[in-house]
Every structure is written in C-alpha cells, then in structure tokens.
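One letter stands for each residue in the lines below.
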Amino acid sequence: MKKAIFVFLILNTIFGVTHNVPADFSEIQLAIDNAVEGDTILVAPGEYYENLYIEINLVIRSTGEPEETIINGGGIDKVIDFHRPVDNTTEFSGFTITNGYVDPSIWQYSYTLIGAGIYCYKATPELSNLIITENVGRYGSALGYYSSFYYGNYANLKNVVISNNNNDFQRATVYMYNSKVNIINCTIVDNSVTSPLGGQIELNAASQAILVNTLVYGDMNGAEQQIVIQELNDPCELTIAHSNIEGGEAGVNTNDNGVLNWLDGNIDADPMLDDEYHLDPDSPCIDAATPYYEFSTFTLNMLPDEYDGPAPDMGAYEWSPVYGCTDPLAMNYNPEATDDDGSCESGSLGDVNNDGTINVSDIVQTVDIILNEPGTPYQMWAADYNEDGLVNVSDIVQIVSVILDLPLAKKTIATASYQLVDNQLVIATNGAIAGLQMKTDGDYQITTNYLPAGWEFHNNGETILAFNLGGDLLHSGTVLAYTGTMNISNMIISDQAGNNILNMAITPNQFVMHPTYPNPFNPVTNLNYDLPEDCYLTIKVYNMQGQMVEELVSNQTPAGNYKITWNADNQPSGMYFVQMTTETAIQTQKIILLK
C-alpha cells in the first residue's frame, strides 16, 4: 500500500476511547456495539468471521497489514454494512474484506441487494488501505454506495485493491446509486462481470465519480466496457485523470446519459501486475500518476513521503526499487534487486559454494549440479572451471587438480572407445582416465564397479559419474558390471588435464534385441536393439494368430544403438511377438499386453 504513518493515541479523554480486538473484545462487532461516537477500535492481525453493522462514526483500523487482518463474511451476507449517519469522520483501514454474499440471482431491484463486500447506505466512510476480494453479489459485488450524498458529502476510496469479485448475474463490481465517490490510487482488476451491459464500475441515478491515479483493467468474462453509466434514471458525471483504463476513453460507455470528463494523463496499457497486483519494475504505471490535482471542488495533494520516485504510481501499490547486486555471476547476487548499488563482488572459478576457498565441498556441489539440478547463475559459472559453457566431469577433474595441487598435465588421451559386452562396460583408451560421465537409460542395476582406489562413483539412474579423487588413474579394461538392460546414449571421458573430453557413440559388437521393458505392459513398452553394421532392418509386431498388427521399423539403418516405443493402446489384451529382421539375422521375443 502507499506509505502511511498512523499515530495511535490511546486516550481516555473527550477525544474518544480506544478498544482493542481481541484484547478487550473477542469480536469486532462487540467492540462496535460498546463504542460511542468518536471512539477508536484497533484490530490485531487474524481472521475474523463476522458481518459488521456500523451506524456511528468510529475509527476502525488494523494494527497489521491488510493481508494479515481478514474479515470473512462466511458467504452468508454482506461483510460490512455502513448506515447513516456515518460520514467522513469514520475511518476504516487496513483489512482484507472477503466472502461476502448477496444472492445475485434475484432480479428485482432493491437497495438491500447492493454491496456484498462493503455497503454504504447514505454513508460516506473514509475507506483506505483495503483489499476487497472474492465476494459475490449483484449490484456491486465488492462495494456498493446507495444515496451516499444524503448529507452532501463525497465518499473517498483510497489505496484499495478490488479483485476477483463475482457478478455472474449482473453488472458491476463497484456500484453507485445517487452517490458521489472519489476513487484515488485504487487497483480495480480481474473482476467477473458477465453482463455485456455491465462494467467494473457502474454509475446510476445522478451519481458522480472522480478517478485519479487508478487502474481499471482486466478481462471481465462478458462485460464490454470497464466503466458504464446506466441509461436509466438521471444523468451521471464521470471524471478520469492520470489513470490506466483498459480500452482508453472507449472503455467507458456513457449510454448518452451523462458526461465523461476525460482529462490529463490517462493511458491504456498493460499495467504489468504480479499475482498480488503489485507493479512489475517495467510497468508503464510507475511514476505515471500525479501528486496534485484539482477538479471542481476536488483536490488531491499527496505529500512527498507518500510515494517513491519523481511522481506517484498508478494503482494501490507504490513500486519501490530494491537496491543490491544485480550481476547474477557475482558472489552476492540478489535476485530481488532491481537497481544495482555497486556492491557486487566477483567470485572465483571452482569456489562453487562461495565460501572463499576451493575444497571438497565445491566438488560435492558440482556433483549435485550434474546429477540433480542446475544451481544459481553464480554456482553454474563457478562450477564450469574450464569455461566451455558446460558443467561436467572435466570440470570436476580440474577442481580436484587445484585442491590436490597437482602439476599441470598434458593431453594424454587421443583415442577411446567402449562396448557393452556380457553385461559389462569395457573401455579401451590409449591413455590414462581421470573421470568419466555417462548418460544412461534402461532397467539395470550396477552390481560391481572396478574403479581404482580413491575414485568417487555416483549413479542416479540416468547419469553415471566417476572421477579420481587422489587415487590411481584408470586405464583400458572393465569399468563396471550390471544386471538387466543398460543403454548408453552419451559418454564423456576426461584425462588428468581435464581438457580432453570425448563424446562417443558406442559401436556394438553383435546383433542384439534387448528384452522389452516393461513386460507385461499397459499400453506402452520400450525396445532397445544394437546393430553392429549398417543393414536393412524391419521390426514388426504379430498377434497370436500370426497376423502383423504393426510395423515399427522398415528402412536402411546405420550401425548403432537404438530405442523405440510401441504404444498398444488400440490393441486388445493378450500375447504378442516382436520380430526384428536383417539380411543376416532374425530375433523374436514374446511380450504381454495387460489392460
């Protein structure tokens, strides 16, 4: 909300008595019933399930923020009902008003159907710093004024967010009948008004409204204009200045029954609001309002401490810059900062956890980035030790070299290859390996790894990561053994220098159709197969009667490892046979579809 400083004077004098809820009274209505004209009621944060009736002039304020102090109407009646002789000496501030209900399906007009959130009957309370949301009604689901000019006073609505209220059978979120209302720095958005004749604001029966520094925006699920003057009853007058109205001047429909004073500073632009209706840093509403405005008998005069920047913002919430480091690669990067304050501190490659030293904790965090999820921009930068734009095992190898203060190594690997043979991973290389990383899939379990002492081994089912942490280097031979079906789609091998990365595709040494998985299945199963040489390949599915039900592959296929998926959603339950055929080999396996 706009900056507001309230000085609460608790005086048992002629200036009124202060009542505290729930300290003095358990309910707000009990405090109201025991108060006299001019008293103050202070309400502590919490949710109060009440329907309030107020007919004397009081000051009623929350001691917390509107989000913290909620008055819930329970979905049974209006939440707040102000009745004459309440006038501008009444202040009502700092609450969320929600779950008010006035039956919207009642078609006959009655002043008792006005205002589900807040209703002002011949009353002009000062309403400020409020959130009015999720109320259901007919004439003013959020707020309704009826004959509020009864005593010759304008009602004032300031710094109020009105959102997500529902008018499924009628016309208006804020409704005025024979009333005069000043709407200042309010946000009126995303309210449901399904009648094409309605709007988020409606004036009727000689009503007058002045909108300054206000947002009226958002899809209403049916209404064709944001603000409307009803064509029945006496003409109305609407004045708008320094406000953001969706549709601009065309977003107001006077129905030729009144005057629209479309004055200075109005815009029609996406206000760029977040989920809580605060302005985005790039919003066109920032610094677009006015601190001073005069029109007829209306005067707005905001003090400098009521807003940030050279001018106020449109809407209920003043956007304030957050100062801090805005460089995502700095050690003290603040993702909430909007304005850089010059405090950014550069970090060091390898110091992933930003503690000022490079040690095993940085390796642990780099492993977590590779196996689990990316880190912050700084962590990703610091973990990419070789600055190739990727975080992988070669970066770990180089960080280990820094920690162990190893001499700078030269390139030692020129060639490398690997094969999956008899459920073992076998690597052949012409040099010494300091780390390896594999992308895998399939239904497999690692039973043994044959890594030298001093190696770290990690496997999350999708990535296998192994690296030397001060032990012996790895040479050609068997690296690990497994059960089930393992497929390797990518492998990275790094030597001691960490700058020799090989991305290799495995070349199988035999024609293999691996067991489908899952099996039995419903309705999708996966089939992996290896081709040791280029060939013309067909893969077909047959039912128990020997009829081909689907052809999965039929083309010239290069040597390599492959994976395909069969979706049997259109086939009945039963036993099927998958047959893979080349010029030199045929393999068949049985699969079972269970639905």
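Residues numbered from 1 in each chain as written. Predicted model: local features only at pLDDT ≥ 70, side-chain atom pairs only at ≥ 80, totals over all residues. Heavy atoms only, no water.

**Student:** Could you give an account of the state of the cysteines, with specific residues and numbers?
**Tutor:** Under the counting rule described, the total for this entry stands at one disulfide. Here Cys-325 connects covalently by a disulfide to Cys-344, the sulfurs 2.1 Å from one another. Between Cys-325 and Cys-344, the S-S torsion sits near 110°, and that sign places the bridge as right-handed. Of the two residues, Cys-325 sits in the loop between strand E29 (323–324) and strand E30 (339–340) while Cys-344 sits in the loop between E30 and helix H2 (360–371), which places them 19 residues apart along the sequence. (Disulfide = S-S within 2.5 Å. Helix = DSSP H or I, 4+ residues; strand = E, 2+ residues; numbered from the N terminus.)

**Student:** I'd love a proper account of the packing of aromatic side chains, names of residues and values included.
**Tutor:** Counted by the stated rule, this structure contains 10 aromatic pairs. Between Phe-82 and Phe-92, the ring centres sit 5.7 Å apart and the planes meet at 80°, which makes this aromatic pair edge-to-face. One end of the pair, Phe-82, is in strand E7 (residues 80–83); the other, Phe-92, is in strand E8 (residues 91–93), and 10 residues separate them in sequence. Between Phe-92 and Phe-95, the aromatic rings sit 4.9 Å apart at their centres with planes inclined by 20°, giving stacked as the arrangement. The two residues Phe-92 and Phe-95 agree in class, both being buried. The structure contains a cluster of three or more aromatic residues connected by ring pairs, namely Tyr-119, Tyr-121, Tyr-146 and Tyr-177. Lying across the ring of Tyr-119, Lys-78 places its NZ or CZ 4.4 Å from the centre. (Phe/Tyr/Trp six-rings, centres within 6.5 Å; stacked < 30°, edge-to-face > 60°. Buried < 20%, exposed > 50% of the residue type's maximum accessible area, 1.4 Å probe, protein only. Lys NZ or Arg CZ within 6 Å of the ring centre and 35° of its normal.)

**Student:** Lay out H2 with the relevant residues and their values.
**Tutor:** Between the first and last C-alpha of H2 there are 17 Å, a value that for 12 residues agrees with the 16 Å anticipated at 1.5 Å per step. Those residues of H2 lying buried are Asp-362, Ile-363, Thr-366, Val-367, Ile-369, Ile-370 and Leu-371. Elements in contact with the buried residues of H2: helix H3 (377–383), helix H4 (393–404), strand E33 (435–441), strand E35 (455–459) and strand E36 (463–468). Capping the start of H2 is the job of one residue whose side-chain oxygen sits 3.0 Å from the backbone nitrogen of Ser-361: Asn-359. (Expected span 1.5 Å × (residues − 1). Contact = heavy atoms within 4.5 Å. Polar contact = N/O pair within 3.5 Å; in protein donor to acceptor, adjacent residues only side chain to side chain.)

**Student:** Quick rundown of the sheet that holds strand E37 (residues 477–484)? Include the residues and the values.
**Tutor:** Within the open sheet, the four strands sit side by side as E31-E32-E37-E34. Their pairing is antiparallel. Since the sheet does not close on itself, it has two edges, and those belong to strand E31 (416–421) and strand E34 (444–449), each with one partner. Across this sheet, the average inter-strand angle for adjacent strands is 25°, counted without regard to direction. Strand direction decides the pairing type here: strand E32 (residues 424–429) and E37, joined by four bridges, are antiparallel. Bridge pairing in E37 places Ile-427 opposite Gly-477. (Pairing = 2+ DSSP bridges. Axes fitted to C-alpha atoms, helices over the stretch in contact; angles between N-to-C directions.)

**Student:** Before we move on, could you go through the pairing of strand E41 (residues 524–531) and cite the residues and values that matter?
**Tutor:** Where burial is concerned, most of E41 is hidden: seven out of the eight residues are buried. Two elements, strand E40 (residues 512–513) and E41, share two bridges in a ladder whose sense is antiparallel. Counted as the bridge partner of Met-513 is Tyr-529 from E41. Sheet topology note: the E41/strand E44 (residues 560–567) ladder contains eight bridges and is antiparallel. In the strand pairing of E44, Asn-528 is matched with Lys-563.

**Student:** Hey, could you go over unusual backbone geometry for me, with residue numbers and the actual values?
**Tutor:** For the bond running from Tyr-517 to Pro-518, omega is -5°, close enough to zero to count as cis. Tracing the chain through its elements places Pro-518 in the loop between E40 and E41. Here the amide bond leading from Asn-519 into Pro-520 is cis, since omega sits at 5°, within 30 degrees of zero. In this fold, Pro-520 is placed in the loop between E40 and E41.

**Student:** I'd like a description of the pattern of salt bridges, backed by residues and values.
**Tutor:** Under the criterion given, the structure shown has three salt bridges. A salt bridge links Glu-91 to Arg-61, with the shortest nitrogen-to-oxygen separation between them at 2.7 Å. One end of the pair, Glu-91, is in strand E8; the other, Arg-61, is in strand E5 (residues 59–62), and 30 residues separate them in sequence. Between Lys-540 and Glu-551 there is a salt bridge whose closest N-O contact spans 3.8 Å. Of this pair, Lys-540 sits in strand E42 (residues 535–542) while Glu-551 sits in strand E43 (residues 548–557), placing them 11 residues apart in sequence. Here Lys-540 falls in the partly exposed class, since its relative accessible area comes to 23%. (Salt bridge = Lys/Arg side-chain N within 4 Å of Asp/Glu carboxyl O.)

**Student:** Could you give an account of the packing of H2 against H4, naming the residues involved and the relevant values?
**Tutor:** It is the contact of H2 with H4, at a shortest axis distance of 10 Å, that shows an interaxial angle of 175°. Of the possible angle classes, the one that applies to H2 and H4 is roughly antiparallel. Along its contact with H2, which presents Val-360, Ile-363, Thr-366, Val-367 and Ile-370, the element H4 presents Val-393, Ile-396, Ile-399, Val-400 and Ile-403. Looking at the contact of H2 with H4 residue by residue, the class counts come to nine nonpolar, one polar and no charged. (Parallel < 35°, antiparallel > 145°, perpendicular 65-115°, else oblique. Nonpolar A, V, L, I, M, F, W, Y, C, P; charged D, E, K, R; others polar.)

**Student:** I'd like a description of the side chain of Asn-257, backed by residues and values.
**Tutor:** Tracing the chain through its elements places Asn-257 in the loop between strand E25 (252–253) and strand E26 (258–262). Here Asn-257 falls in the buried class, since its relative accessible area comes to 9%. Those residues in contact with Asn-257 that lie beyond four places of it in its chain are Ile-229, Gln-230, Glu-231, Leu-232, Asn-233, Asp-234, Pro-235 and Cys-236.

**Student:** Describe empty space enclosed by the protein, and please don't skip the residues or the numbers.
**Tutor:** If you roll a probe as big as a water molecule over the atoms, it shows you where there is empty space left. If you walk through the whole model with that rule in mind, you get one cavity of 30 Å³ or more. Surrounding the largest cavity, Thr-516, Thr-525, Asn-526, Leu-527, Leu-552, Ile-564, Thr-565, Trp-566, Val-578 and Ile-591 form its lining. Those elements that provide at least two residues to the lining of the largest cavity are E41 and E44. Here the lining of the largest cavity is composed, by residue class, of six nonpolar, four polar and no charged. (1 Å grid on protein atoms, 1.4 Å probe; cavity = no way out; pocket = protein on both sides within 12 Å on 5 of 7 lines; lining within 4 Å. Points joined across faces, edges and corners; volume = space filled by probe spheres on them.)

**Student:** Can you tell me about the nonpolar core, naming the residues and giving the values?
**Tutor:** Residues Ile-80, Phe-82, Phe-92, Ile-118, Ile-201, Leu-211 and Ile-227 are the most contacted members of the largest nonpolar core, which totals 52 residues. With four residues, strand E13 (residues 155–163) is the largest single contributor of residues to this core. The contacts of Ile-118, once residues within four sequence positions are left out, are Ile-80, Phe-82, Ile-97, Leu-127, Leu-130, Ile-132, Ala-142, Leu-143 and Gly-144. (Core = buried A, V, L, I, M, F, W, Y, C linked by side-chain atoms within 4.5 Å.)

**Student:** Can you break down a negative patch on the surface residue by residue, with the values?
**Tutor:** Taken together, the side chains of Glu-65, Glu-67, Glu-68, Asp-274, Asp-275 and Glu-276 present a region of like negative charge at the surface. On the secondary structure map, Glu-276 appears in the loop between E26 and strand E27 (292–295). The exposure class of Glu-276 is exposed, given its relative accessible area of 56%. (Patch = residues over 30% accessible without salt bridge, like charges linked within 9 Å, V, L, I, M, F, W, Y side chains within 5 Å. Areas by Shrake-Rupley, 256 points an atom, 1.4 Å probe, with all protein chains shown as cover. Lys, Arg positive; Asp, Glu negative; His and termini not counted. Charge placed at Lys NZ, Arg CZ, Asp CG, Glu CD.)

**Student:** So what's going on with the confidence of the model for the protein chain? Residues and values would help.
**Tutor:** Considering every residue of the protein chain, the mean pLDDT works out to 89; 94% of them sit at 70 or more. Per-residue pLDDT stays below 50 along residues 2–14; that stretch engages in 23 contacts with residues further than four places along the chain or on separate chains. (pLDDT = per-residue confidence, 0-100.)

**Student:** Describe the sheet that holds E40, and please don't skip the residues or the numbers.
**Tutor:** Overall, antiparallel pairing links the three strands, which are arranged E40-E41-E44 in an open sheet. For this open sheet the edge positions go to E40 and E44, each flanked by a neighbour on one side alone.

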